[in-house]
Amino acid sequence: MNPDLINTTISFVKQQLKGAEGGHDWFHIERVYKNALLIAKEEDCDLLVLQLGALLHDIADSKFHGGDESVRPMTARKFLEMQNIPEEVIAHVVNIIENISYKGGNFQKKFTSKELDIVQDADRLDALGAIGIARTFNYGGFKNRALYDPEIQPSLNMSKDEYKKSGSPTLNHFYEKLLLLKDKMNTETGKKIALQRHEFMEDFLSQFYAEWNGNK
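Residues numbered from 1 in each chain as written. Predicted model: local features only at pLDDT ≥ 70, side-chain atom pairs only at ≥ 80, totals over all residues. Heavy atoms only, no water.

Draft legend 1. Inspection of the side chain of Asp126 at higher detail. Along the polypeptide, Asp126 turns up in the loop between helix H6 (114-125) and helix H7 (129-142). Among all residues touching Asp126, those that are not within four sequence positions of it are His28, Arg31, Val32, Asn35, Ile131, Gly132, Arg135 and Arg197. (Helix = DSSP H or I, 4+ residues; strand = E, 2+ residues; numbered from the N terminus. Contact = heavy atoms within 4.5 Å.)

Structure below.
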């Protein structure tokens, strides 16, 4: 096994995500990695699997590969195999990558582990609060979506495919995903942090509507 595995992985991820959209770039990975380590302080877990799962979880997001969900785990597996890592570690990391995404909130995980719970919480925390708001509007701009359209209501019961193909206004994403995340957290630490960030987003939305309607 590569004795400097984590630094090697960081270098690989930085190279892979060079020029990526701002909400899914290296800095997103770095924040998720830090969130995961923070949560792990309160949880009993395999730290190596956790670190690799956090660093590689968004190595090739299907949103930027024509919806192909096989690219991300395949890319991670090829990299890890080159590092001479035991197969059980590789398989665990790949399972984290394959089961972490939100996918409309209707996706049933086919694998469970404490490490997946932590990395999933860490990833979801980065979709909340000030960073979550910034990422949401950054991606909406990247996809040339409207900020808000009062006549287009959020869709709360989308299938996985409908969620992936949705082109609704950016503000709808708060109701279709972001505001739902606090009740989907796995760990106690994740739940506490999510609640604070959730409240921040609710305050933002109140201000947004007040300004939109000319009340402030």
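Draft legend 2. Seen up close, the pattern of salt bridges. Inspection of the entire model under this criterion finds eight salt bridges. Salt-bridge contacts for Glu81 lead to Arg77; the nearest nitrogen and oxygen are separated by 3.1 Å. Here Glu81 pairs with Arg77, and both are found in helix H4 (residues 71-82), just four residues apart, close to one helical turn. Looking at Glu81, the relative accessible area reads 43%, which means it is partly exposed. Residue classification places Arg77 among the partly exposed residues on the basis of a relative accessible area of 23%. Within the structure, one salt-bridge network assembled from shared partners comprises Arg31, Asp126 and Arg135. (Salt bridge = Lys/Arg side-chain N within 4 Å of Asp/Glu carboxyl O. Buried < 20%, exposed > 50% of the residue type's maximum accessible area, 1.4 Å probe, protein only.)

Draft legend 3. Highlighting the nonpolar core. Ranked by size, the top nonpolar core spans 54 residues in total, and within it Val13, Leu52, Leu56, Leu80, Val93 and Phe174 carry the most contacts. Secondary structure elements with two or more residues in this core: helix H1 (5-16), helix H2 (26-40), helix H3 (47-56), H4, helix H5 (87-99), H6 and helix H10 (188-212). What Val93 contacts, discounting residues up to four positions off in sequence, is Val49, Leu52, Gly53, Leu56 and Leu80. (Core = buried A, V, L, I, M, F, W, Y, C linked by side-chain atoms within 4.5 Å.)

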